[in-house]
Amino acid sequence: MRKTLVLVSLAVTSMVALAFLIPLALTVREIARDRALTTAERQASALGPVLVVTEDPTALERAVASTQAGAAGRMTVHLPDGGLVPKDAHGDFSARPEQLTEAGRRGRSYTARVNGGYALLQPVSLDAGRTAVVEVFLPDEDLSRGVWKAWLVMTTVACALVAGSVAVADRLGNRMIRSTRRLAEAAGAFGDGELSVRIEPDGPPELVEAGLAFNAMADHVVQLLSAEREMAADLSHRLRTPLAALRLNAEALGDGPVAEQTREAVDRIEREVDQIIRTVRRPTGRGSCDASKVLRDRVAFWSVLAEDEGRSCELIGAEGPAPLPIPGTELAAAVDALLGNIFRHTAEGTGFVVTLHQGQGVTGILVADGGPGIADPDAALKRGSSGGGSTGLGLDIARRAAESSGGYLRIHRSVLGGAQVQMWFRTRWLPPARRARRSRRLVGRRLVGRRRHSRV
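Quick summary incoming for the structure in this document. From a predicted model like this one, the values you see are computed outputs, not experimental measurements.

Reading guide: rules and limits
Residues numbered from 1 in each chain as written. Predicted model: local features only at pLDDT ≥ 70, side-chain atom pairs only at ≥ 80, totals over all residues. Heavy atoms only, no water. Helix = DSSP H or I, 4+ residues; strand = E, 2+ residues; numbered from the N terminus. Buried < 20%, exposed > 50% of the residue type's maximum accessible area, 1.4 Å probe, protein only. Contact = heavy atoms within 4.5 Å. Polar contact = N/O pair within 3.5 Å; in protein donor to acceptor, adjacent residues only side chain to side chain. Pairing = 2+ DSSP bridges. Axes fitted to C-alpha atoms, helices over the stretch in contact; angles between N-to-C directions. Parallel < 35°, antiparallel > 145°, perpendicular 65-115°, else oblique. Left-handed = near helix turned anticlockwise from the far one by under 90°. Nonpolar A, V, L, I, M, F, W, Y, C, P; charged D, E, K, R; others polar. Core = buried A, V, L, I, M, F, W, Y, C linked by side-chain atoms within 4.5 Å.

Let us look at the environment of Arg311. Structurally, the position occupied by Arg311 is in the loop between α10 (291-308) and β7 (313-316). Take Arg311: its relative accessible area is 6%, and that puts it in the buried class. When the C-alpha positions of Arg311 and Gly349 are compared, they lie 4.3 Å apart, and in sequence the two are 38 residues distant. If we skip the residues at most four places from it in the chain, Arg311 touches Ala306, Ile342, Phe343, Thr346, Ala347, Glu348, Gly349 and Thr350. Of the polar contacts made by the side chain of Arg311, one reaches the side chain of Thr346; its length is 2.8 Å. Among the polar contacts made by the side chain of Arg311, one reaches the main-chain carbonyl oxygen of Thr350 at a distance of 3.1 Å.

Here it is in structure tokens:
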């Protein structure tokens, strides 16, 4: 926008400057020409009274020499008998006979083109119908004297005006862009969970209104979240009573595999309810974590079960720090979901590999196994439709974790022969508009892939 404003200002002021500069330049040239011709005509007219009084060459030479043009050797008097004053007047700049005749016929000053400039021919009527012609030679440089300097001054002034208007437009554009960027950054930070973010509206009236609307929206969202937390607190009290009854009933079942499974289910439900309540009541600000540390912890946890089932387990690329803009608990839940799927849906003895890849502005976590793979990756990414008796929540948890940072989740065939689930996280903050464009591109790619698959 700032560049556009500058270009528009440059184009408009340049056209205005040219609209004034070109006519002024032509006017200055005409003024210089008229000034030179007027001066020459005035000097030629000064010889008229002398020619009327006398035609003596000596007197005429003194009169010619007294003028500026005559002293410079650029004035000649053509007498009726064909004589010239001064006598030695000659040169390529002299007017031709037909031009002298035309001046006499007109009876007034006449400008004729000659070599190197122009000749001003001033006829003077004598007695007996005779006519003498006073010729003043005007070089081309006299006709344009001072023109180039005037053009240079006008061009400099025009350039200064254009530069000044561009500078003003740039400052105005910078003020507008600065306000827009502050609003975009505040919206992005608010979307990332910094609910205390507010802005001081400034700039054009439209941006001030947008800033006020953003602050009002943020206050309303904070109020809604506060009410939601209060509802979650109330929910905890409501669920405690039925959970306690379920636990008492489970304890009354006695011993046996069914009773043990029932008690484990009750414990699991109680833990999940507590986790949901803690998650809802937790401040919504986004956190960060070290992906290498989280992967080392989770792989070490699952490696015990993998050793019992005869599975090979390997972690690659988690030696150095790998910061991610998501909470560690959220990343751990996503990794647990993917590794749990391997243990649930592959046979014992199936190995798996977890790879951490760090790129420029992006970090990827690749979980590959040697199982049968996933026949329909698109269907598996749909919550509740993964098949095989699964709820599909595991992949959904991983997908939401990746998309929370502006990333994405993909499923491919691994080199081990089974499935490879790729979670790609953005380590650089993206504005919401760019996130939306990226999501639309990903959806488009998926649709194209489906069409190609259906054609095959």
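Once you've had a look at it, read on.
Right, let's get into the sheet that holds β7. Here five strands make up an open sheet; going across it, the order is β7-β9-β10-β12-β11 and the pairing mixed. Two strands bound the open sheet, and with one partner strand each, they are β7 and β11 (408-413). Shown here is a sheet whose adjacent strand axes are inclined to one another by a mean of 15 degrees, direction ignored. The sheet contact formed by strand β9 (residues 352-358) and strand β10 (residues 362-369) spans seven bridges and is antiparallel. For Phe352, the partnering residue across the bridge sits in β10 and is Asp369.

Moving on, we come to the packing of α10 against helix α11 (residues 328-345). Interaxial distance between α10 and α11 falls to 10 Å at its minimum, and their mutual angle equals 30 degrees. Classified by the angle between their axes, α10 and α11 sit roughly parallel to one another. Here α10 runs over α11; the crossing is right-handed. The residues of α11 that touch α10, namely those facing Ala291, Val294, Leu295, Arg298, Trp302, Leu305 and Ala306, are Gly328, Leu331, Ala332, Val335, Asp336, Leu339, Gly340 and Phe343. A class-by-class count of the residues in the contact of α10 with α11 yields eleven nonpolar, two polar and two charged.

Our next topic: the nonpolar core. Soluble, globular proteins show a tendency: their nonpolar side chains are buried together. By size, the foremost hydrophobic cluster in this structure holds 35 residues, and its most contacted members are Leu331, Leu339, Val354, Ile365, Met423 and Phe425. The biggest single contributor to this core is α11, with eight residues. Apart from the residues lying within four places of it in its own chain, the contact partners of Val354 are Leu295, Val299, Glu314, Leu315, Ile316, Leu339, Ile365, Leu366 and Val367. Among the nonpolar cores identified, the runner-up in size contains 22 residues, and Leu37, Ala44, Leu126 and Val134 belong to it.

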